[in-house]
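# Results of the structural survey
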Amino acid sequence: MVLLLCAAALIGYLSIQLRIVPIVGFLLAGVVIGPHQLGLVATTETVEAAAEIGVILLLFTIGIEFSLERLAAIQRYVLVGGGLQVLLAVAVTAGLVMAFGADWRTGVFTGFLVALSSTAIVLKVLAAAGRTTSTLGQGSVAALIFQDLAVVLMVLLVPLLGGQGEGPLEIARALGTAALVLVVVLVVARKVMPPLLERVARACSPEVFLLTVVAIGMGTAYLTSLAGVSVALGAFLAGLVVSESRHSAHALGEVLPLQILFSATFFVSIGMLLDLRALLELWWLVLLLAAAVVVVKAVTGALALSALGVGASTAVAGGLLLAQIGEFSFVLQRSGAAVGLEPAGLGADGEQVLIAVTVLLMTATPALSALGDRLGRAVGARRRRPAAASAAPEDVPAPGSAAPVLVSGYGPVAAELAAGLRGRGIPVTVTTLSPDLAAVAEAAGHTVVRGDPLRRNVLEEAGLFTAAAVVIAENSAEETAQIAAVVRQLVPDTPILARPVDTADPAELAPAGVHRVVDTARTVGAALTDSVLRRLGRGVAPPATTPTPTRSWTSPPTPTPPARTWSRSARSCRRRPGAWTACGRANATGCTCGCA
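Just so it is clear, the structure is predicted and the values come from calculations on it, not from any experiment. Counting restarts for each chain: residues are numbered from 1 in the order of the written sequence. Where totals are concerned, whole chains, interfaces and linings use all residues; where local detail is concerned, this predicted model gives features only for residues with pLDDT of at least 70, and gives and counts side-chain atom pairs only at 80 or more. Heavy atoms from the whole structure form the basis of all side-chain values; hydrogens and water molecules are not counted.

## What to know about the side chain of T220
The way it works is that DSSP assigns letters per residue, a run of H or I at least four long becomes a helix, a run of E at least two long becomes a strand, and they are numbered from the N terminus. In this fold, T220 is placed in helix α11 (residues 206-226). On the basis of relative accessibility, which here comes to 16%, the residue T220 falls in the buried class. Only heavy atoms enter the contact rule, under which two residues are in contact if any of them lie within 4.5 Å. Here T220 is in contact with V185, A215, G234 and A238, once residues within four sequence places are set aside. Exposure is judged per residue with a 1.4 Å probe applied to protein chains only, and the accessible area is read against the type maximum: over 50% gives exposed, under 20% gives buried, and values in between give partly exposed.

## Quick word on the nonpolar core
Soluble globular proteins tend to pack their nonpolar side chains together in the buried interior. Residues L59, F60, F267, V268 and V357 are the most contacted members of the largest nonpolar core, which totals 119 residues. Looking at this core element by element, the count peaks at 12 residues for helix α8 (residues 135-161). What F60 contacts, discounting residues up to four positions off in sequence, is V213, G217, A235, F236, A238, G239, V242 and V255. With 24 residues, the next largest nonpolar core counts L459, A467, A498 and V514 among its residues. We call a set of buried Ala, Val, Leu, Ile, Met, Phe, Trp, Tyr and Cys residues a nonpolar core when their side-chain atoms join them within 4.5 Å.

## Quick notes on the pattern of salt bridges
The salt bridge definition used is simple: a Lys or Arg side-chain nitrogen within 4 Å of an Asp or Glu carboxyl oxygen. Under the criterion given, the structure shown has four salt bridges. Residue R202 pairs with D436 through a salt bridge whose shortest N-O separation is 2.1 Å. Taken as a pair, R202 in helix α10 (residues 193-202) and D436 in helix α21 (residues 435-443) lie far apart in primary sequence, 234 residues in all. With a relative accessible area of 45%, D436 lands in the partly exposed category. With its nearest N and O atoms 3.0 Å apart, the salt bridge here joins R450 to E442. Residue R450 is classed as buried on the basis of its relative accessible area of 3%.

## Describing the side chain of S243
Examined against the element boundaries, S243 turns out to sit in helix α12 (residues 231-243). The class of S243 is buried, set by a relative accessible area of 11%.

## Overview of α12
Taking 1.5 Å as the rise per residue, α12 with 13 residues should run 18 Å; its terminal C-alpha atoms sit 18 Å apart, in good agreement. Burial analysis of α12 places 13 of its 13 residues in the buried class, which makes it a mostly covered element. Here the expected length of a helix is defined as 1.5 Å per residue gap, with one fewer gap than residues.

## Remarks on a nonpolar patch on the surface
On the surface, a cluster of nonpolar side chains totalling about 550 Å² of accessible area is made up of W283, W284, L287, L288 and L360. If you tally residues by element for the nonpolar patch, the top one is helix α15 (residues 283-306), at four residues. By the element assignment, W283 lies in helix α15. To count toward a patch, a residue needs a relative accessible area above 30% and no salt bridge. Like charges then connect within 9 Å, nonpolar side chains (Val, Leu, Ile, Met, Phe, Trp, Tyr) within 5 Å. All accessible areas in this document rest on Shrake-Rupley with a 1.4 Å probe, and a residue is counted as covered only by the protein chains that are shown.

## Some remarks on the packing of helix α16 (residues 312-321) against helix α18 (residues 350-379)
Two elements in contact, α16 and α18, have axes separated by 8 Å at closest approach and are oriented at 165°. As summarised for this structure, α16 and α18 are arranged roughly antiparallel, according to the angle between their axes. Here α16 runs over α18; the crossing is right-handed. Residue-level contacts link A312, S313, V316, A317, L320 and L321 of α16 to T365, L368, S369, L371, G372, D373, L375, G376 and V379 of α18. Of the residues assigned to the contact of α16 with α18, the class counts are nine nonpolar, five polar and one charged. Where helices are involved, their axes are fitted lines through C-alpha atoms of the stretch in contact, as for all axes, and angles between N-to-C directions lie from 0 to 180°. Here roughly perpendicular refers to angles of 65 to 115 degrees, roughly parallel to angles under 35, roughly antiparallel to angles over 145, and oblique to all remaining angles. Left-handed is the label given to a crossing in which the near helix is rotated counterclockwise from the far helix by less than a right angle, and right-handed is the label when the rotation is clockwise. Basically, the charged four are Asp, Glu, Lys and Arg, the nonpolar ten are Ala, Val, Leu, Ile, Met, Phe, Trp, Tyr, Cys and Pro, and anything else, Gly included, counts as polar.

## With respect to the pairing of strand β1 (residues 405-408)
Along β1, one buried face is formed by V405 and V407 and the opposite face, lined by L406 and S408, is buried too. The rule for pairing is simple: two strands pair if DSSP sees at least two bridges between them. One ladder, built from four bridges, connects β1 with strand β2 (residues 428-432); its direction is parallel. Note that in β2 the partner of V407 across the bridge is V430. Judged from the four bridges that link them, β1 and strand β4 (residues 469-472) form a sheet pairing that is parallel. The residue of β4 that forms the bridge with V405 is A469.

## Examining the pairing of strand β3 (residues 447-450)
Inspection of the sheet shows β2 paired to β3 by four bridges, in the parallel sense. Residue pairing across strands places T431 opposite V449, the latter belonging to β3. The handedness rule is simple: strands pointing away from the viewer, and a clockwise path from the first strand over the helix to the second, make the crossover right-handed. Since β2 and β3 lie parallel, the crossover through α21 that links them has a hand, and here it is right-handed.

## Structural notes on the confidence of the model for the protein
Every residue carries a pLDDT, the predictor's confidence in it, which falls somewhere between 0 and 100. Counting all residues, the mean pLDDT for the protein is 76, and 81% of those residues have values of 70 or more. Under a pLDDT of 50 for its full length, residues 384-400 has, in the predicted model, 11 contacts with residues more than four places off or in other chains. In the predicted structure, residues 541-553 sits below a pLDDT of 50 and forms 40 contacts with residues beyond four places in sequence or in another chain.

Here it is in structure tokens:
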């Protein structure tokens, strides 16, 4: 595992430097260290186990990003588009194989192998491009969902094609069990999961929350696999279960690092299956079959998507995006080999040819996706503007409405700020990990996203990229600086204001990206001192005796380091008696001298 991770990190880094999609780097890393090449990893049992976890976590996170409502909205895509894609791919492949002399059983079996696309690869490419919820993403995901459902039936039919297996009644029983499991999972999603995650979140323990979410994902995948449903589909259903909870964004943020780690392991494990010697011996056959698979999958996929009325551009792009052989084809291949079936009737070479074609097409998927986008734009240029509109973020404000303000944390000061902004027609979105504070914010009429504001997905769901400003009202200056650094990296031009509960040091917060610091405790202290001195007849406290500025601090729009500017402004104010109050008044009209 150490060798695997080191190779994945190194070759993944090199692929980024060469502007190659990291997935390709992970596949190549597996080819290099696998038992057939350098032999750094001689046995693959542990790697295959980690790879299966990677598939589960990947589908689990995709399910969280979806929801039952969104799935219901694309049910026509699943049944019509996905069904047509599988049927057409199986029929065309079987016809071609039979045309070259194989029997119909071998033809149908090969059609099963070709009809399945790589769920992990396609979803990774869509997620990297931010197109999971676009029309292209929905059509592709719908096809993948149907394929995963079809795997259940294919696994049952392969023994029959080989002259073994159970009769029709046994197949009907297995399918009925799988359908019952799906219904139970969906009921749990509505009735059990929301209160369960709410209770776990109230424990305020990141460790317990993470363990609970992972247990839900992997446990559901395991239970559904016992009923004959693929672990991938079970993991996707588990994600849908979690998506029904108000803590779905929090769950996604916690699981994503694990998903990235294990997904990389999965892609490395696929690369380890390839034997380059077999590829060199049969390179012409591998290239020929790879080209044939691309043509068959691209054409059948495009026809299936066209039947949904998505337009020529989306259909062409979707067809090429799905034009590879999936990881679950290996499962079917092993089942077929046990009953005497070989891909395309190739005999002993069938397995290595299938592996070589699969790895080659998986590696080429990002390039095929880019090619599909270019061809789609060329074919359907008239649909570019509607397509762009459909892919726009859901949280873009309507024309004429005010851009929202994102508030991280929700204490008394943040609540007062949010109420004041909302009273002036400015929408507010609040992020917090506390279920109680989230409930208070929702009761006040604000949009609330539960989750860690250090996680990009939480900030995205909260509308960071369309926010007019970000206000960080967390407990500590250290936490404030961490959040500000993440926000500045994602949206460097968005104003960041901070009001930490503990002592605020602008010299620490300014380098993190904070534009203005409001120190409530010092503001109250200065006002109280001034009131006491006035009551005692001593007047306003001399500015020279003020240890540090006590109201707020604005980062100057100059390249001068904020800490030195702060000190210089403070000295300037001390040199001019009365300048402190004057600057504070002028600051409301735009003064940025840094004194107030």
